[in-house]
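Residue-level listing of the chains:
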Amino acid sequence: MASEDARYRQSSQFRLWSFSPAQLAEAREKANSLAQSSIGARLAPTPNASAPTSNANTPDRDGTPSLPEFLTPAEEAILVSFYVSELLRAGDHAEVGEVVKATGAAFFRRFYITNSIMTYPPQEMLIVALFFACKAEGIFPNIGQFVSKFGRDRPDEILAGEYLLCQGIRFAFDVKHPFRALKGATMELRRLGDIEEKRINAAERRAREILNFSTLITDAYFHYTPSQIMLAALSLADRGLAERLISHTFHYVPPPTNSGPGTPMAIGDAPMNRKEPKSEDREAIIGSHIRDKVLGTVEACRDMLAKELPERREHWSNKAVFKAQIQPIRKKLAKCRDPDRYNLVELQRARREQAGNKSDSEEDEPEDNGRSLEKDAAVFGDALPRDTKRRKVAKTEDPFGPPL
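The rules behind each value
- Residues numbered from 1 in each chain as written.
- Predicted model: local features only at pLDDT ≥ 70, side-chain atom pairs only at ≥ 80, totals over all residues.
- Heavy atoms only, no water.
- UniProt positions renumbered as here; feature names shortened; annotations may be inferred.
- Buried < 20%, exposed > 50% of the residue type's maximum accessible area, 1.4 Å probe, protein only.
- Helix = DSSP H or I, 4+ residues; strand = E, 2+ residues; numbered from the N terminus.
- Polar contact = N/O pair within 3.5 Å; in protein donor to acceptor, adjacent residues only side chain to side chain.
- Phe/Tyr/Trp six-rings, centres within 6.5 Å; stacked < 30°, edge-to-face > 60°.
- Salt bridge = Lys/Arg side-chain N within 4 Å of Asp/Glu carboxyl O.
- Axes fitted to C-alpha atoms, helices over the stretch in contact; angles between N-to-C directions.
- Parallel < 35°, antiparallel > 145°, perpendicular 65-115°, else oblique.
- Left-handed = near helix turned anticlockwise from the far one by under 90°.
- Contact = heavy atoms within 4.5 Å.
- Nonpolar A, V, L, I, M, F, W, Y, C, P; charged D, E, K, R; others polar.
- Core = buried A, V, L, I, M, F, W, Y, C linked by side-chain atoms within 4.5 Å.
- Patch = residues over 30% accessible without salt bridge, like charges linked within 9 Å, V, L, I, M, F, W, Y side chains within 5 Å.
- Areas by Shrake-Rupley, 256 points an atom, 1.4 Å probe, with all protein chains shown as cover.

- Named according to an unreviewed UniProt entry, the protein chain is Cyclin-like domain-containing protein originating from Podospora aff. communis PSN243.
- Its UniProt record gives the protein chain the following Sequence similarities (unreviewed entry) comment, quoted word for word: "Belongs to the cyclin family. Cyclin C subfamily."

1. Observations concerning helix H14 (residues 239–249)
- Taken residue by residue, H14 has Leu-241, Ala-242, Leu-245, Ile-246 and His-248 as its buried positions.
- The N-cap residue of H14 is Asp-238: its side-chain oxygen and the backbone nitrogen of Gly-240 are 3.2 Å apart.

2. Some details on the packing of aromatic side chains
- Taken as a whole and judged by the stated rule, the model has 14 aromatic pairs.
- Their ring planes at 50° and their centres at 6.0 Å tell us that Phe-107 and Phe-132 sit as a pair that is tilted. Here Phe-107, found in helix H5 (residues 98–114), pairs with Phe-132, found in helix H6 (residues 122–136); they are 25 residues apart in sequence, far enough to count as distant. No difference in accessibility class separates Phe-107 from Phe-132, as the two residues are buried.
- Judged by centre distance (6.3 Å) and plane angle (65°), the ring pair of Phe-171 and Phe-173 falls under edge-to-face.
- Overall, Phe-173 belongs to the partly exposed group, its relative accessible area being 32%.
- Ring-pair connections join several aromatic residues into one group, and the members of that group are Phe-107, Phe-132, Tyr-163, Phe-171 and Phe-173.

3. Concerning the pattern of salt bridges
- Evaluation of the coordinates by the stated rule reveals 28 salt bridges.
- Linking Arg-313 and Asp-92 is a salt bridge whose minimum nitrogen-to-oxygen distance equals 3.8 Å. Linking Arg-313 in helix H17 (residues 313–317) with Asp-92 in helix H4 (residues 73–94), this pair joins segments that are 221 residues apart in sequence.
- Residue class for Asp-92 comes out partly exposed when judged on its relative accessible area of 41%.
- Residue Glu-209 pairs with Arg-206 through a salt bridge whose shortest N-O separation is 3.3 Å. Separated by three residues within a single helix, Glu-209 and Arg-206 lie in helix H10 (residues 197–211), roughly one turn from each other.
- Residue classification places Arg-206 among the partly exposed residues on the basis of a relative accessible area of 22%.
- Residues joined by salt bridges that share partners form a network here, namely Glu-124, Arg-152, Arg-154, Asp-156 and Glu-157.

4. Quick look at the environment of Arg-42
- Relative to the helices and strands, Arg-42 resides in helix H3 (residues 21–43).
- Owing to a relative accessible area of 6%, Arg-42 belongs among the buried residues under this scheme.
- As a C-alpha pair, Arg-42 and Pro-339 span 297 residues in sequence and 7.6 Å in three-dimensional space.

5. What about the packing of helix H9 (residues 179–192) against H10?
- For the pair H9 and H10, the least separation of the axes is 11 Å and the interaxial angle reads 170°. By the criterion of interaxial angle, the relationship of H9 to H10 is roughly antiparallel. The handedness of the crossing between H9 and H10 comes out as right-handed. Seen from H9, the contacting residues are Phe-179, Leu-182, Lys-183, Thr-186, Leu-189 and Arg-190; seen from H10, they are Glu-197, Ile-200, Asn-201, Glu-204, Ala-207, Arg-208 and Leu-211.

6. Notes on the packing of H10 against helix H13 (residues 226–237)
- Where H10 contacts H13, the two axes come as close as 8 Å, and the packing angle between them is 125°. If you check the angle between H10 and H13, you find them oblique. When the axes of H10 and H13 are compared, the crossing they make is right-handed. Residue-level inspection shows Ala-203, Arg-206, Ala-207, Ile-210 and Leu-211 of H10 in contact with H13, the latter providing Ile-229, Met-230, Ala-233, Leu-234, Leu-236 and Ala-237.
- In terms of residue class, the contact of H10 with H13 is made up of 10 nonpolar, no polar and one charged.

7. Thoughts on unusual backbone geometry
- Unlike most non-glycine residues, Glu-95 shows phi in positive territory, near 60°.
- Along the chain, Glu-95 turns up in the loop between H4 and H5.
- In this structure Glu-95 comes out as exposed when scored by relative accessible area, which is 72%.
- Positioned with a positive phi, Arg-170 is a non-glycine residue whose angle comes to about 60°.
- Looking at Arg-170, the relative accessible area reads 34%, which means it is partly exposed.

8. Remarks on the nonpolar core
- Of all hydrophobic cores here, the largest spans 92 residues; its most connected members are Phe-108, Met-125 and Leu-165.
- No other element matches the 10 residues that H6 contributes to this core.
- Setting aside residues no more than four positions away along its own chain, Met-125 makes contact with Phe-108, Phe-111, Tyr-112, Tyr-120, Gly-161, Leu-164, Leu-165 and Leu-344.

9. Observations concerning a nonpolar patch on the surface
- A contiguous nonpolar surface patch, about 300 Å² in accessible area, is contributed by Tyr-163, Phe-171 and Phe-173.
- The residue Phe-173 is located in the loop between helix H8 (156–168) and H9 in this model.

See the structure below:
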């Protein structure tokens, strides 16, 4: 049977959405750069333009409208964190569970790694991410009732962004959270028998608060495994319990007395006549370097979560903070956003019309005048449009093959 670590390494979360800090920064910079070039081409003045575009800045001295100042990757990261906090508030308002909110936040953060916040509207995508997270977790709310909770009466605004979200997260719908790991950790601590129940309960409550906010507002899901995130949250809640759990977990269990020599057993097996090693022998058996490596990783994750403790939830909703930090970036965003993709309903309609107008025969790619809807600023995947990779069948050819 594969170990839990081996199963996690086979998951889409590890294969597609695990990054080092340098890789994550590079992906965001690439998405930002692609968005700037794409939006710049659309906002660039044309020779026969009679008036500057609405998103352009004040004209230069020669009368030509200049391009707006684009957001930096750091400014985009601030906005993403702000809108994740808004997503969590929306989840509370819609009365969805903690797992749904966590999945929605993961979808939202994944989407804005492969896409720029200047390309697609975050205030729309956060509702799309929350609605799709309900379905990903096996909850299927009525779309009309769902949008009405947010004062909206057009379900097409949500449905227009669903497939766009699926593309952005690379159809990786499974999100592995640390909530079940926390439950298992507290059960293991209770099994030790020498820790007060009151202390365990207090640590569990505090760790769950951290998991419900700090891990979602930071990049922890991109850098660490669910078990590492859980241990970091438990360490913030009660460092002594976290270190006790690590010290107890990483040890070697010797074979039973009726087995031959040289047959080590995996942790978790429960044979008859198993002898537990003495506590003073565990460090010598496993080696202190392994435990220190685990503690180092947990400590790095702990430092990341400590920057956004649950008390910071009020920070993101504070009016003074919004006016000083968020509002200037949003005003800047209003001038440099993509004019063709910021309205999701119109974008979907235009793509349907474009798909319907395509001929079945082979054609040369039309000239791109900056308005093509096929060249989104995607970080991953091929640069070829989707239709050029599709196998085309001639009208005279039977799609089911020749007769037998």
